[in-house]
Amino acid sequence: MTVRRLDPILVDRIAAGEVVERPAAAVKELVENAVDAGANSIEIAIEAGGRRLIRIIDDGAGMSPEDLELAVERHATSKIPDGDLFAINTLGFRGEALPSIGAVARLAITTRTAEAETGSSIVVEAGVKGPVRPASAPKGTKIEVTDLFAATPARLKFLKSDRSEAQAVAEIVKRLAIAHPTIRFTLSGEHITPFTYPPEPEGEHGFLRRLSRVLGAEFNDNAMNIGVEREGVRLSGFASLPTFHRGTSTSVHFVVNGRPVRDKLLLGAVRGAYADVMASDRHPVLALMVDLDPRSVDVNVHPAKTEVRFRDPAFVRGFVVAALKEAITRFGFRSASTGGIRTLDSLRPQGVPPRPVSVAHRAPSIRHSSAFAGWQAPLEPENWRQGLAEAQASLPDIAAPSADSRATLAEHDPSAEHAPLGAARAQIHGTYIVAQTEDGIVIVDQHAAHERLVYERLKRERAASGIARQLLLIPEVVDLDPVDADRVMAEAPTLESLGLVLEPFGPGALLVREVPSALAGGRIKALVQDVADALAEWGQGGSHPLEERLDAVLSRMSCHGSVRAGRRMRPEEMNALLREMEVTPLSGQCNHGRPTYVELKLADIERLFGRR
């Protein structure tokens with residue numbers, strides 16, 4: 001078989017397989033061109049998920065007739081004037097998008113520059129380029145892509161439903177909107193909810209407003225601001241509190257030199273930074289911009305330009321991890337505001353409208369709790385006159401309250417109410433502490449809070465002079481699976497540095513002689529079993545840094561030295577717990593990422609009862 005040169009149209013269709021794999025990829029390329037053209041407003045419209053129609057209208061610089069004719073040729077671009085691939089300051093640079101799209105669809109472009117009296121238009125259909133013609137057009141460019149993949153019908157079989165493709169387009173537009181908050185973005189079409197993101201002013205405030213519109217209004221109240229710079233690399237943006245998280249990583253956004261990316265290195269850095277304060281199956285909500293010298297990052301490593309390669313990846317990863325950890329420590333006392341909002345919404349009786357909120361602070365929609373629906377009396381005045389008889393008849397269905405502070409009533413200390421977490425007033429169900437603050441109440445999960453306090457104490461002791469140990473009067477024998485026992489004994493020196501002293505005691509048995517002082521009185525067998533599970537999960541040595549493996553073991557250990565749910569506490573103990581939370585980093589969430597407390601403002605409680 002002889003070697004032959006491929007037909008140019010066939011070459012374009014092959015290139016389109018890499019550049020335009022689905023309608024969302026075509027939208028991404030065309031919107032990026034509009035951004036590079038200096039557009040202040042970009043309108044996107046789609047039909048049938050982008051398969052039937054993609055229309056992009058921008059008010060950018062536009063093109064002259066000569067540039068328009070060249071723009072639909074392969075490898076023709078205005079974005080590398082000096083031919084230096086290592087100094088790219090634009091989103092597009094390969095010059096492949098327009099000819100690739102034109103090879104598999106019908107591409108119509110109408111454009112005009114500010115200086116031109118008339119515009120120009122061109123049509124490329126199935127790779128065949130038509131002539132440039134004069135056209136009436138405003139300043140900017142309008143691109144219409146119709147019948148995508150009509151020239152390659154086999155590609156249509158690999159597309160998902162129109163709804164799925166439309167949602168993929170919406171996701172692409174949202175990522176570009178986050179990367180460029182000063183540009184207006186409008187998206188409309190079938191199978192999606194139309195939206196418009198108005199342009200925001202430059203700076204931190206404008207960026208946060210754009211994020212609140214894209215990521216949800218509640219992000220505004222649960223965001224930590226980040227702004228650090230080191231060795232020519234600047235990291236800025238906002239990340240969520242550890243107690244504000246999602247089930248997938250789709251809300252993790254990185255922008256490198258204005259380019260939205262989904263880079264494994266950066267996603268791994270986020271995972272490492274939040275590992276100590278968030279469950280492994282949860283993900284934070286964040287949008288961070290990484291700005292550095294274009295020569296320090298290679299953006300030409302992926303056909304869709306969604307991944308990058310840093311010249312010094314270890315430094316970038318460490319820089320991102322350190323910046324996020326510093327912010328988490330700085331804001332670690334705070335707990336997500338959505339906890340209090342959800343609590344109030346679940347308590348609000350049916351028929352009572354939710355509290356009014358602005359667009360920028362809209363609360364999430366939470367279904368009313370059915371626990372109150374069976375006994376809550378209607379709020380109409382005529383029902384109030386029916387007296388107490390009917391209301392009392394329904395009361396036996398309600399469980400008797402378990403809070404009883406009469407026997408342990410402490411002397412009232414008004415000064416404690418000025419503290420951030422207030423003064424303890426009661427303990428309910430032997431699990432939750434109710435405290436009164438100056439402007440509301442705080443409900444604390446005593447076990448989750450104390451677990452975080454014990455964990456931070458163990459980490460401080462390890463970093464200082466070593467974890468204090470307590471010798472057991474009677475050593476305890478713990479039976480494990482022989483494989484687990486061998487794994488634990490292989491890490492015996494490391495565990496001894498963490499305060500847990502073990503010895504082999506026959507096949508599959510371990511003898512516990514000393515435990516950390518902070519865990520004295522805990523369930524030793526459960527403690528050793530959890531340590532064995534942690535070592536099995538993280539492996540001996542493995543690819544994880546020693547610091548992370550030690551923290552994982554300490555996190556498991558701290559659970560067994562914490563105040564258990566169901567234990568009655570004296571008022572002075574409850575207040576001591578609250579004061580220690582106020583001075584302990586990351587006390588707003590437990591080791592697994594759950595909130596340790598929920599705060600309810602007095603104004604919200606008054607609205608709940610119709611006082612406001």
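Data block above holds the structure.
Residues numbered from 1 in each chain as written. Predicted model: local features only at pLDDT ≥ 70, side-chain atom pairs only at ≥ 80, totals over all residues. Heavy atoms only, no water.

On to the sheet that holds strand β19 (residues 423–428), then. The strands making up a sheet associate through hydrogen bonds between their backbones, and the pairing can be parallel or antiparallel. The strand order across the open sheet formed by four strands is β19-β20-β21-β25, and the pairing between neighbours is antiparallel. Pairing within the sheet leaves two strands with one partner each, and these edge strands are β19 and β25 (597–601). Each strand axis lies, on average, 20° off the axis of its neighbour in the sheet, ignoring direction. As paired strands, strand β20 (residues 432–437) and strand β21 (residues 440–445) are joined by six bridges and run antiparallel to one another. Looking at the pairing, I433 lines up with V444 of β21. Along the sheet face, helix α13 (residues 446–463) touches β19, β20 and β21 and points at about 70° away from the line of β21. Across the sheet, helix α18 (residues 571–583) is in contact with β19, β20, β21 and β25; its angle to β19 comes to roughly 120°. (Pairing = 2+ DSSP bridges. Helix = DSSP H or I, 4+ residues; strand = E, 2+ residues; numbered from the N terminus. Axes fitted to C-alpha atoms, helices over the stretch in contact; angles between N-to-C directions. Contact = heavy atoms within 4.5 Å.)

Let us look at empty space enclosed by the protein. Applying the stated rule across the entire model yields two cavities of 30 Å³ or more. Every residue lining the largest cavity is counted, eleven residues in all, and those nearest its centre are I88, N257, R259, V297 and V299. The residue makeup of the lining of the largest cavity, split by class, is seven nonpolar, two polar and two charged. (1 Å grid on protein atoms, 1.4 Å probe; cavity = no way out; pocket = protein on both sides within 12 Å on 5 of 7 lines; lining within 4 Å. Points joined across faces, edges and corners; volume = space filled by probe spheres on them. Nonpolar A, V, L, I, M, F, W, Y, C, P; charged D, E, K, R; others polar.)

Judged by nonpolar contacts, the single largest core of 59 residues is most densely connected at V31, I42, I44, L107, V145, F185 and F219. For this core, the element with the highest residue contribution is helix α6 (residues 162–179), accounting for nine residues. Once residues within four sequence positions are removed from consideration, V31 is found in contact with I42, I44, I56, L176 and F185. Ranked by size, the runner-up nonpolar core spans 37 residues in total, among them L235, F254, M278 and L586. (Core = buried A, V, L, I, M, F, W, Y, C linked by side-chain atoms within 4.5 Å. Buried < 20%, exposed > 50% of the residue type's maximum accessible area, 1.4 Å probe, protein only.)

What follows concerns the packing of aromatic side chains. Inspection of the entire model under this criterion finds four aromatic pairs. Measuring from ring centre to ring centre gives 6.4 Å for F219 and F244, while their planes differ by 55°; the resulting arrangement is tilted. Taken together, the residues span a long stretch of sequence, with F219 in the loop between α7 (204–215) and β10 (223–230) and F244 in the loop between β11 (233–240) and β12 (245–246) at a distance of 25 residues. As far as burial versus exposure is concerned, F219 and F244 are alike and both buried. A ring pair is formed by F315 and F319, whose centres lie 5.8 Å apart and whose planes are at 5°; its orientation type is stacked. Residue F315 and its partner F319 are located together in helix α9 (residues 313–331), separated by four residues, close to a single helical turn. We note that F315, like F319, is buried. (Phe/Tyr/Trp six-rings, centres within 6.5 Å; stacked < 30°, edge-to-face > 60°.)

Another aspect to go through is the packing of α13 against α18. Between α13 and α18, whose axes approach to 10 Å, the crossing angle comes to 50°. Judged on the interaxial angle alone, α18 and α13 are oblique. As for how α13 packs across α18, the hand of that crossing is left-handed. Counting all contacts with α13, which are made through Q446, A449, H450 and L453, the residues of α18 involved are L577, E580 and M581. Of the residues in the contact of α13 with α18, the class split is four nonpolar, two polar and one charged. (Parallel < 35°, antiparallel > 145°, perpendicular 65-115°, else oblique. Left-handed = near helix turned anticlockwise from the far one by under 90°.)

Okay, the pattern of salt bridges next. The final tally for this structure, using the stated rule, is 26 salt bridges. Salt-bridge contacts for K129 lead to E73; the nearest nitrogen and oxygen are separated by 2.5 Å. Of this pair, K129 sits in strand β5 (residues 128–129) while E73 sits in the loop between α3 (65–71) and α4 (97–104), placing them 56 residues apart in sequence. Take E73: its relative accessible area is 33%, and that puts it in the partly exposed class. (Salt bridge = Lys/Arg side-chain N within 4 Å of Asp/Glu carboxyl O.)

Taking 1.5 Å of rise per residue, 14 residues should cover 20 Å, and helix α2 (residues 23–36) covers 20 Å from first to last C-alpha, within 8% of that figure. Across the 14 residues of α2, twelve count as buried, placing the element largely inside the fold. Looking at α2, one finds that the buried residues are P23, A24, A25, A26, V27, K28, E29, L30, V31, E32, A34 and V35. Following α2 by one or two positions, G38 adopts a phi angle in the positive range, close to 80°. (Expected span 1.5 Å × (residues − 1).)

Geometric descriptors of this kind do not, in isolation, establish any biological role.
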